[in-house]
Amino acid sequence: MDSELKVCSSSGAEQRGRRQGHPALGTGPALTPPAGDRGPSQRALADKVGYPHTYLSRVERGEQLPSEALAEALDAHFATDGLFVELLSMAQDASIPDYGRAVLESERKAARIQVFGSSLIPGLLQTKDYARALFRTSLAGESVERIEEHVATRMRRKRVFERADSPLYWAIMDEAALKRPIGGIECMCGQIRHVLKVAESPHVALQALPFSQGEHPMLGGSLSLLTLRNGATIGYVESFFSGEQVESAGKILELTHMFDIARSKALPESETLDLLSSYLREYEDEDDS
(Lines give C-alpha, C1' and ligand atoms only; values in the text may rest on other atoms or scores of the structure.)
Protein backbone atom coordinates (compact mmCIF):
# COMPACT_ATOMS: atom_id res chain seq x y z
CA MET A 1 0.00 0.00 0.00
CA ASP A 2 2.88 2.31 -0.75
CA SER A 3 1.53 4.07 -3.82
CA GLU A 4 3.02 7.42 -2.81
CA LEU A 5 6.38 5.70 -3.40
CA LYS A 6 5.58 3.69 -6.49
CA VAL A 7 3.22 5.90 -8.47
CA CYS A 8 3.99 9.54 -7.78
CA SER A 9 7.37 9.54 -9.47
CA SER A 10 5.92 9.19 -12.97
CA SER A 11 2.36 10.48 -12.65
CA GLY A 12 1.03 13.54 -14.44
CA ALA A 13 -0.10 14.96 -11.14
CA GLU A 14 3.41 14.76 -9.75
CA GLN A 15 4.90 16.30 -12.88
CA ARG A 16 2.48 19.20 -12.66
CA GLY A 17 3.40 19.60 -9.00
CA ARG A 18 7.04 20.06 -9.93
CA ARG A 19 6.16 22.90 -12.30
CA GLN A 20 3.49 24.64 -10.25
CA GLY A 21 4.45 24.08 -6.63
CA HIS A 22 1.54 23.29 -4.32
CA PRO A 23 -1.28 25.69 -5.24
CA ALA A 24 -4.05 23.10 -5.28
CA LEU A 25 -5.33 23.85 -1.81
CA GLY A 26 -4.02 27.36 -1.38
CA THR A 27 -1.47 26.34 1.20
CA GLY A 28 0.80 29.23 0.27
CA PRO A 29 -1.78 32.03 0.44
CA ALA A 30 -3.06 30.59 3.72
CA LEU A 31 0.23 31.60 5.35
CA THR A 32 -0.72 35.28 5.12
CA PRO A 33 -2.92 36.90 7.79
CA PRO A 34 -6.68 37.19 7.18
CA ALA A 35 -7.94 39.94 4.88
CA GLY A 36 -7.72 43.35 6.53
CA ASP A 37 -5.11 42.21 9.02
CA ARG A 38 -1.66 42.88 7.65
CA GLY A 39 -0.02 41.17 10.63
CA PRO A 40 3.75 40.96 10.99
CA SER A 41 6.12 41.10 8.06
CA GLN A 42 7.45 37.82 6.76
CA ARG A 43 10.79 38.40 8.49
CA ALA A 44 9.08 39.31 11.77
CA LEU A 45 6.86 36.25 11.48
CA ALA A 46 9.91 34.09 10.80
CA ASP A 47 11.55 35.40 13.96
CA LYS A 48 8.42 34.77 16.03
CA VAL A 49 7.92 31.17 14.89
CA GLY A 50 11.64 30.39 14.80
CA TYR A 51 12.11 29.54 11.11
CA PRO A 52 14.20 31.21 8.37
CA HIS A 53 12.24 33.80 6.39
CA THR A 54 13.53 32.23 3.17
CA TYR A 55 11.80 28.99 4.18
CA LEU A 56 8.54 30.81 4.89
CA SER A 57 8.88 32.59 1.56
CA ARG A 58 9.17 29.30 -0.35
CA VAL A 59 6.14 27.96 1.50
CA GLU A 60 4.10 31.08 0.79
CA ARG A 61 4.98 30.96 -2.91
CA GLY A 62 3.85 27.33 -3.06
CA GLU A 63 7.33 26.05 -3.88
CA GLN A 64 7.52 23.86 -0.79
CA LEU A 65 5.09 22.45 1.74
CA PRO A 66 5.69 23.43 5.36
CA SER A 67 6.84 20.83 7.83
CA GLU A 68 4.31 19.65 10.37
CA ALA A 69 6.28 21.49 13.05
CA LEU A 70 6.02 24.76 11.11
CA ALA A 71 2.28 24.24 10.56
CA GLU A 72 1.85 23.72 14.30
CA ALA A 73 3.93 26.83 15.04
CA LEU A 74 1.79 28.92 12.68
CA ASP A 75 -1.40 27.60 14.27
CA ALA A 76 -0.07 28.56 17.68
CA HIS A 77 1.02 32.02 16.50
CA PHE A 78 -2.20 32.91 14.67
CA ALA A 79 -4.45 30.97 17.10
CA THR A 80 -6.07 29.21 14.13
CA ASP A 81 -7.08 26.04 15.99
CA GLY A 82 -5.30 23.51 13.77
CA LEU A 83 -6.10 25.18 10.42
CA PHE A 84 -2.53 25.08 9.11
CA VAL A 85 -2.04 21.45 10.17
CA GLU A 86 -5.30 20.54 8.42
CA LEU A 87 -4.30 22.42 5.25
CA LEU A 88 -0.93 20.68 5.29
CA SER A 89 -2.61 17.30 5.56
CA MET A 90 -4.88 18.14 2.62
CA ALA A 91 -1.99 19.43 0.52
CA GLN A 92 0.07 16.31 1.20
CA ASP A 93 -2.84 14.16 0.06
CA ALA A 94 -3.28 16.33 -3.05
CA SER A 95 0.33 15.67 -4.08
CA ILE A 96 -0.47 11.96 -4.41
CA PRO A 97 -2.20 10.62 -7.56
CA ASP A 98 -5.87 9.63 -7.45
CA TYR A 99 -5.07 5.97 -6.85
CA GLY A 100 -2.83 6.80 -3.89
CA ARG A 101 -5.44 9.10 -2.36
CA ALA A 102 -8.02 6.32 -2.62
CA VAL A 103 -5.66 4.05 -0.70
CA LEU A 104 -5.17 6.60 2.07
CA GLU A 105 -8.88 7.31 2.40
CA SER A 106 -9.79 3.63 2.65
CA GLU A 107 -6.92 3.01 5.07
CA ARG A 108 -8.32 5.63 7.45
CA LYS A 109 -11.74 3.96 7.46
CA ALA A 110 -10.62 0.35 7.65
CA ALA A 111 -11.53 -1.97 10.50
CA ARG A 112 -8.94 -4.51 9.32
CA ILE A 113 -5.84 -4.06 7.18
CA GLN A 114 -4.13 -7.10 5.65
CA VAL A 115 -0.90 -6.48 3.77
CA PHE A 116 1.57 -8.61 1.88
CA GLY A 117 4.90 -7.13 0.80
CA SER A 118 7.27 -9.07 -1.42
CA SER A 119 10.41 -6.98 -1.07
CA LEU A 120 9.87 -4.06 1.33
CA ILE A 121 8.77 -3.48 4.89
CA PRO A 122 5.09 -2.43 4.63
CA GLY A 123 4.53 1.32 4.59
CA LEU A 124 2.70 1.54 7.92
CA LEU A 125 5.65 -0.16 9.62
CA GLN A 126 8.43 1.91 8.06
CA THR A 127 10.67 4.28 9.99
CA LYS A 128 11.52 7.74 8.68
CA ASP A 129 15.05 6.69 7.76
CA TYR A 130 13.86 3.61 5.87
CA ALA A 131 11.19 5.54 3.97
CA ARG A 132 13.65 8.35 3.22
CA ALA A 133 16.14 5.89 1.73
CA LEU A 134 13.42 4.47 -0.53
CA PHE A 135 12.24 7.89 -1.72
CA ARG A 136 15.77 9.11 -2.39
CA THR A 137 16.24 6.22 -4.78
CA SER A 138 12.79 6.08 -6.37
CA LEU A 139 12.45 9.87 -6.80
CA ALA A 140 15.95 10.61 -8.05
CA GLY A 141 16.39 14.28 -8.93
CA GLU A 142 13.80 15.53 -6.45
CA SER A 143 14.79 18.23 -3.95
CA VAL A 144 15.47 17.38 -0.33
CA GLU A 145 12.32 19.31 0.59
CA ARG A 146 10.11 17.23 -1.70
CA ILE A 147 11.64 14.01 -0.43
CA GLU A 148 10.84 15.09 3.12
CA GLU A 149 7.26 15.88 2.10
CA HIS A 150 6.82 12.31 0.88
CA VAL A 151 8.38 10.95 4.07
CA ALA A 152 6.03 13.10 6.17
CA THR A 153 3.01 11.82 4.23
CA ARG A 154 4.03 8.23 4.82
CA MET A 155 4.62 8.81 8.52
CA ARG A 156 1.23 10.52 8.81
CA ARG A 157 -0.44 7.31 7.66
CA LYS A 158 0.58 5.71 10.97
CA ARG A 159 -2.06 7.77 12.73
CA VAL A 160 -4.53 5.01 11.98
CA PHE A 161 -2.90 3.14 14.88
CA GLU A 162 -3.63 6.07 17.21
CA ARG A 163 -7.39 5.90 16.72
CA ALA A 164 -9.52 4.77 19.65
CA ASP A 165 -10.88 2.13 17.29
CA SER A 166 -7.56 1.33 15.63
CA PRO A 167 -7.79 -1.33 12.92
CA LEU A 168 -6.61 -4.89 13.21
CA TYR A 169 -3.40 -5.02 11.21
CA TRP A 170 -2.02 -8.24 9.70
CA ALA A 171 1.21 -7.98 7.72
CA ILE A 172 3.05 -10.72 5.88
CA MET A 173 6.57 -9.87 4.76
CA ASP A 174 8.73 -11.86 2.41
CA GLU A 175 12.08 -12.61 4.04
CA ALA A 176 13.65 -10.56 1.24
CA ALA A 177 12.36 -7.42 3.01
CA LEU A 178 14.54 -8.29 5.99
CA LYS A 179 17.58 -9.43 4.03
CA ARG A 180 18.01 -6.35 1.82
CA PRO A 181 19.78 -3.59 3.84
CA ILE A 182 17.69 -0.60 2.76
CA GLY A 183 19.40 2.58 3.92
CA GLY A 184 22.40 0.72 5.29
CA ILE A 185 23.08 -1.34 8.40
CA GLU A 186 22.17 1.30 10.99
CA CYS A 187 18.91 2.06 9.21
CA MET A 188 17.95 -1.62 9.15
CA CYS A 189 18.75 -2.00 12.84
CA GLY A 190 16.39 0.84 13.63
CA GLN A 191 13.77 -0.51 11.24
CA ILE A 192 13.71 -4.03 12.66
CA ARG A 193 13.65 -2.70 16.24
CA HIS A 194 10.64 -0.61 15.27
CA VAL A 195 8.82 -3.58 13.74
CA LEU A 196 9.48 -5.64 16.87
CA LYS A 197 8.09 -2.80 19.00
CA VAL A 198 4.96 -2.45 16.87
CA ALA A 199 4.44 -6.21 17.09
CA GLU A 200 3.81 -5.83 20.83
CA SER A 201 0.41 -4.28 20.09
CA PRO A 202 -2.57 -6.63 20.46
CA HIS A 203 -3.97 -5.12 17.25
CA VAL A 204 -0.94 -6.15 15.17
CA ALA A 205 -0.05 -9.58 13.77
CA LEU A 206 3.14 -10.17 11.80
CA GLN A 207 4.33 -13.13 9.74
CA ALA A 208 7.43 -13.63 7.63
CA LEU A 209 7.41 -15.79 4.52
CA PRO A 210 10.83 -17.51 4.56
CA PHE A 211 13.03 -18.19 1.56
CA SER A 212 12.73 -21.92 2.31
CA GLN A 213 9.11 -21.87 1.11
CA GLY A 214 10.19 -21.17 -2.46
CA GLU A 215 7.65 -19.78 -4.88
CA HIS A 216 4.35 -18.18 -3.91
CA PRO A 217 1.59 -16.43 -5.88
CA MET A 218 2.64 -12.85 -5.11
CA LEU A 219 6.30 -12.76 -6.07
CA GLY A 220 7.27 -9.31 -7.34
CA GLY A 221 4.18 -7.46 -6.16
CA SER A 222 2.30 -6.37 -3.09
CA LEU A 223 -1.29 -6.68 -1.95
CA SER A 224 -3.46 -4.84 0.54
CA LEU A 225 -6.93 -5.90 1.62
CA LEU A 226 -8.85 -3.26 3.55
CA THR A 227 -12.03 -4.38 5.27
CA LEU A 228 -14.40 -1.53 6.15
CA ARG A 229 -16.75 -1.53 9.12
CA ASN A 230 -19.72 -2.38 6.90
CA GLY A 231 -17.96 -5.62 5.93
CA ALA A 232 -16.98 -4.52 2.42
CA THR A 233 -13.41 -5.29 1.35
CA ILE A 234 -11.33 -3.19 -1.02
CA GLY A 235 -8.17 -4.57 -2.57
CA TYR A 236 -5.06 -2.79 -3.82
CA VAL A 237 -2.55 -4.54 -6.01
CA GLU A 238 0.76 -2.86 -6.77
CA SER A 239 3.55 -3.69 -9.15
CA PHE A 240 6.65 -1.77 -10.14
CA PHE A 241 5.13 1.38 -11.67
CA SER A 242 1.39 0.99 -11.20
CA GLY A 243 -1.36 0.25 -8.75
CA GLU A 244 -4.91 -0.97 -9.12
CA GLN A 245 -7.89 -0.63 -6.84
CA VAL A 246 -10.12 -3.73 -6.81
CA GLU A 247 -13.70 -3.87 -5.54
CA SER A 248 -15.46 -6.59 -7.58
CA ALA A 249 -16.50 -9.55 -5.44
CA GLY A 250 -14.95 -12.11 -7.77
CA LYS A 251 -11.58 -10.38 -7.87
CA ILE A 252 -11.58 -9.80 -4.10
CA LEU A 253 -12.20 -13.51 -3.60
CA GLU A 254 -9.22 -14.29 -5.85
CA LEU A 255 -6.96 -11.85 -4.01
CA THR A 256 -8.07 -13.17 -0.64
CA HIS A 257 -7.20 -16.68 -1.80
CA MET A 258 -3.72 -15.49 -2.80
CA PHE A 259 -3.25 -13.84 0.59
CA ASP A 260 -4.38 -17.03 2.32
CA ILE A 261 -1.82 -19.06 0.36
CA ALA A 262 0.93 -16.67 1.44
CA ARG A 263 -0.30 -16.83 5.02
CA SER A 264 -0.28 -20.64 4.97
CA LYS A 265 3.35 -20.62 3.82
CA ALA A 266 4.45 -17.96 6.32
CA LEU A 267 6.00 -18.64 9.71
CA PRO A 268 3.81 -18.47 12.83
CA GLU A 269 4.06 -15.16 14.65
CA SER A 270 6.40 -16.42 17.37
CA GLU A 271 8.83 -17.81 14.80
CA THR A 272 8.53 -14.61 12.79
CA LEU A 273 9.62 -12.58 15.82
CA ASP A 274 12.54 -14.97 16.28
CA LEU A 275 13.53 -14.45 12.63
CA LEU A 276 13.32 -10.67 13.04
CA SER A 277 15.49 -10.85 16.15
CA SER A 278 17.98 -13.04 14.30
CA TYR A 279 18.31 -10.50 11.49
CA LEU A 280 18.64 -7.69 14.03
CA ARG A 281 21.54 -9.49 15.73
CA GLU A 282 23.23 -10.02 12.35
CA TYR A 283 22.93 -6.34 11.47
CA GLU A 284 24.11 -5.28 14.93
CA ASP A 285 27.13 -7.59 14.67
CA GLU A 286 27.95 -6.19 11.24
CA ASP A 287 27.55 -2.64 12.54
CA ASP A 288 30.01 -3.34 15.36
CA SER A 289 32.61 -4.95 13.13
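Everything below is about the structure shown above.
One structure accompanies this document, and this report is about it. The residue numbering used here restarts from 1 in each chain and proceeds along that chain's sequence as written. Only residues with pLDDT of at least 70 are given local features in this predicted model, and only at 80 or more are side-chain atom pairs given and counted; all residues enter the totals for whole chains, interfaces and linings. The basis for the side-chain values is all heavy atoms of the structure; hydrogens and waters are excluded.

1. Quick look at the overall build of the protein
The number of helices and strands found in the protein is 13 helices and six strands. The contact definition used throughout considers only heavy atoms, calling two residues in contact when any of these lie within 4.5 Å. The contacts in the protein between residues at least 6 apart in sequence include a share of 73% that link residues at least 24 apart. All accessible-area figures derive from a Shrake-Rupley calculation using a 1.4 Å probe, and residue coverage is judged against the displayed protein chains alone. Carbon together with sulfur atoms contributes 53% to the accessible area of the protein, which is approximately 13,800 Å² in total. By the criteria applied, helices consist of DSSP H or I runs no shorter than four residues and strands consist of E runs no shorter than two, each listed in order from the N terminus.

2. Brief notes about the state of the cysteines
For this text, the term disulfide refers to a pair of cysteine sulfurs within 2.5 Å. What the rule picks out here adds up to zero disulfides. This cysteine, Cys189, is not joined by any disulfide, and Cys187 carries the nearest cysteine sulfur, 9.3 Å off.

3. Here we look at helix H13 (residues 269-288)
A helix is expected to reach a length of 1.5 Å times the quantity of its residues less one. The terminal C-alpha atoms of H13, which comprises 20 residues, lie 29 Å apart, in line with the 28 Å expected from a rise of 1.5 Å per residue. Of the surrounding elements, those touching the buried residues of H13 are helix H10 (176-179), helix H11 (185-198) and strand E3 (204-209).

4. Some points on the pattern of salt bridges
Every case where a carboxyl oxygen of Asp or Glu lies within 4 Å of a side-chain nitrogen of Lys or Arg is listed as a salt bridge. Here the structure, examined in full by the defined rule, presents 10 salt bridges. Two residues, Arg132 and Glu148, come together in a salt bridge whose shortest N-O distance is 2.6 Å. Taken as a pair, Arg132 in helix H8 (residues 128-138) and Glu148 in helix H9 (residues 144-156) lie far apart in primary sequence, 16 residues in all. Between Glu149 and Arg146 there is a salt bridge whose closest N-O contact spans 3.6 Å. In this pair, Glu149 and Arg146 are both assigned in helix H9, three residues apart and thus about one turn of the helix distant. The same class applies to Glu149 and to Arg146, which are both buried. Only protein chains enter the area calculation, which uses a 1.4 Å probe; residues under 20% of their type maximum are buried, those over 50% are exposed, and those in between are partly exposed.

5. Here we look at the sheet that holds strand E6 (residues 243-246)
Spatially, the six strands line up as an open sheet ordered E3-E2-E1-E4-E5-E6, and their pairing is mixed. The open sheet has two free edges, formed respectively by E3 and E6, since each of these has just one partner strand. On average, each strand axis in the sheet is tilted by 10° relative to the strand beside it, whichever way the strands run. Bridging between strand E1 (residues 110-117) and strand E4 (residues 222-228) involves seven bridges; their strand directions are antiparallel. By the convention used here, strands pair only if DSSP detects at least 2 bridges between them. In this description, a line fitted to the C-alpha atoms serves as the axis of each element, helices being fitted only across the stretch in contact, and the angle between N-to-C directions of two axes falls anywhere from 0 to 180 degrees.

6. What about the packing of aromatic side chains?
The criterion for an aromatic pair is that two Phe, Tyr or Trp rings (for Trp, the six-membered ring) have centres within 6.5 Å, with stacked assigned to planes under 30 degrees apart, edge-to-face to planes over 60 apart and tilted to the rest. The full count for this structure, using the stated rule, is one aromatic pair. Note on geometry: a ring has a charge over it if NZ (lysine) or CZ (arginine) is within 6 Å of the ring centre and within 35 degrees of the ring normal. The ring centre of Trp170 lies 4.7 Å from the NZ or CZ of Arg263, which sits over that ring.

7. Quick notes on a negative patch on the surface
The patch calculation keeps residues exceeding 30% relative accessible area without a salt bridge and links them within 9 Å when they carry like charges or within 5 Å when they are nonpolar (Val, Leu, Ile, Met, Phe, Trp, Tyr). Positive residues here are Lys and Arg, negative ones are Asp and Glu, while His and the chain termini are left out of the count. Note on charges: their place is set at NZ of Lys, CZ of Arg, CG of Asp or CD of Glu. Taken together, Glu186, Glu282, Asp285, Glu286, Asp287 and Asp288 make up a surface patch of like negative charges. The biggest single contributor to the negative patch is H13, with five residues. Locating Asp287 in the fold gives a position in helix H13.

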